[in-house]
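Notes for the structure review
Listed here are the chains, written in short residue letters.
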Amino acid sequence: KARLAAGSAKVWARFRDLVAPFVYPAHFQVSPQEEIRRIKERIESQILEQPSRDNNIKLRAGGIRDIEFIVQCLQLLRGRVEPKVRGHNTLKAIGQLARAGALSAEEATQLREAYCFFRRVENLLQIEEGRSVYALPEDPVAARGLAWSLGLGDGPALERAVEGYLERVRRIFESVFNADLPTAEQWGWLLEAEPGNTRARQVLVHELTHSFIAAKAHDNAPDWIQEGMAQLMEGRGRRADRAALAR
């Protein structure tokens, strides 16, 4: 992200060339994918404690931060042998990474569209609030006003658009940070996940459900899978009861 702001361009160029081998080393002691994935897991765990956790377009899964992490990780991996992918501008970097083959044309388009959309939403929110804010409005009237400013019909249309962008970005994020990992590395992060980690819970539910269905198809579901499914359904039942009481 560093760039010349003032002073001697020659001194800056010397400094940039001096630090380049450290920013883009030939070998990484820790995989950028693994390190960035852990950072993102911590961020997602922390926003669970925030009242606006489900509306944060910057920090939630598939948001602005995911796009930036995708770009920066691929820049780190490709930057040493392909200097053209280096750069501090996210939109330009997406195009450079696509031309270098690090992103498909479809992935680059989806990331670019999502980034522009989220930044437009961010700008409108901050103009309205007069401060740094990334949470979508919960008030229906405010949501409708934001939707109109974006050329969308109403609040539900805004919600559908946001969810669509989040889903597409997160799919690319998962392909970058979980692709071609050894089994131990791919699942080892679960042991380090903090309590309440959203992704850990989603992965465990998905894997448990998949295992249960596959085993049931052959009528040989192990006891541990059946017990896990029973606990899962019991937990969901309690949450549904609480939701009904709240209504």
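Residues numbered from 1 in each chain as written. Predicted model: local features only at pLDDT ≥ 70, side-chain atom pairs only at ≥ 80, totals over all residues. Heavy atoms only, no water.

**A word on the nonpolar core**
With 42 residues, the main nonpolar core has Ile70, Phe117 and Phe118 as its most contacted residues. If you list the elements that add at least two residues to this core, you get helix 2 (32–47), helix 3 (64–78), helix 4 (90–99), helix 5 (105–129), helix 6 (140–149) and helix 7 (155–177). Considering each element in turn, this core owes the most residues, 10 residues, to helix 7. With near-sequence residues (within four places) excluded, Phe118 lies in contact with Ile57, Gly62, Gly63, Ile64, Ile67, Val162, Tyr165 and Leu166. (Core = buried A, V, L, I, M, F, W, Y, C linked by side-chain atoms within 4.5 Å. Buried < 20%, exposed > 50% of the residue type's maximum accessible area, 1.4 Å probe, protein only. Helix = DSSP H or I, 4+ residues; strand = E, 2+ residues; numbered from the N terminus. Contact = heavy atoms within 4.5 Å.)

**So, the pattern of salt bridges**
Within this structure, the stated rule accounts for 9 salt bridges. Ionic pairing is found between Arg65 and Glu68, a salt bridge with its closest N-O pair at 2.7 Å. Residue Arg65 and its partner Glu68 are both found in helix 3; the two are separated by 3 residues, about one turn of the helix. Accessibility expressed as a relative area gives 21% for Arg65, which makes it partly exposed. (Salt bridge = Lys/Arg side-chain N within 4 Å of Asp/Glu carboxyl O.)

**Concerning helix 5**
Relative to the 36 Å expected for 25 residues at 1.5 Å per residue, helix 5 spans 36 Å between its end C-alpha atoms, a close match to the ideal helical length. Buried within helix 5 we find Ala108, Gln110, Leu111, Ala114, Tyr115, Phe117, Phe118, Val121, Glu122, Leu124 and Leu125. Contacts from the buried residues of helix 5 go to helix 3, helix 4, helix 6 and helix 7. Looking one or two residues beyond helix 5, the residue adopting positive phi is Gly130, at roughly 70°. (Expected span 1.5 Å × (residues − 1).)

**Some points on the packing of helix 3 against helix 4**
Between helix 3 and helix 4, the shortest axis-to-axis distance is 10 Å and the interhelical angle comes to 50°. On the basis of their axis angle, the class for helix 3 and helix 4 is oblique. Note that helix 3 runs across helix 4; the crossing there is left-handed. Residues Ile67, Glu68, Val71, Leu74 and Gln75 of helix 3 touch helix 4, and the partners they reach there are Thr90, Ala93, Ile94 and Leu97. Its residues placed into classes, the contact of helix 3 with helix 4 shows 6 nonpolar, 2 polar and 1 charged. (Axes fitted to C-alpha atoms, helices over the stretch in contact; angles between N-to-C directions. Parallel < 35°, antiparallel > 145°, perpendicular 65-115°, else oblique. Left-handed = near helix turned anticlockwise from the far one by under 90°. Nonpolar A, V, L, I, M, F, W, Y, C, P; charged D, E, K, R; others polar.)

**So, the side chain of Asn56**
Its place among the elements puts Asn56 in the loop between helix 2 and helix 3. A residue is classified by how much of its surface remains accessible, and Asn56, at 8% relative accessible area, is buried.

**A look at helix 6**
If you check which residues of helix 6 are buried, you get Ala143, Leu146 and Ala147. End-on view of helix 6: buried residues confined to an arc of 100°, all on one side of the axis. Opposite its buried face, helix 6 presents the exposed residues Val141 and Trp148, each directed more than 90 degrees away. One side-chain oxygen of the residue at the start of helix 6 lies 3.2 Å from the amide nitrogen of Val141, identifying that residue as Asp139. After helix 6 finishes, the residue Gly151 shows a positive phi value of roughly 80°. (Arc of directions from axis to C-beta. Polar contact = N/O pair within 3.5 Å; in protein donor to acceptor, adjacent residues only side chain to side chain.)

**Side note on the packing of aromatic side chains**
One pass over the structure, following the stated rule, counts 5 aromatic pairs. Consider the rings of Phe118 and Tyr165, whose centres lie 6.1 Å apart with planes at 70°: the pair is edge-to-face. In this pair, Phe118 sits in helix 5 while Tyr165 sits in helix 7, placing the two residues 47 residues apart along the sequence. The exposure classification of Phe118 matches that of Tyr165, with both residues buried. Three or more aromatic residues joined by ring pairs make a cluster, and in this case those are Phe117, Phe118 and Tyr165. For the cation-ring pair, Arg168 lies above Tyr165, with the distance from its terminal atom to the ring centre recorded as 5.0 Å. (Phe/Tyr/Trp six-rings, centres within 6.5 Å; stacked < 30°, edge-to-face > 60°. Lys NZ or Arg CZ within 6 Å of the ring centre and 35° of its normal.)

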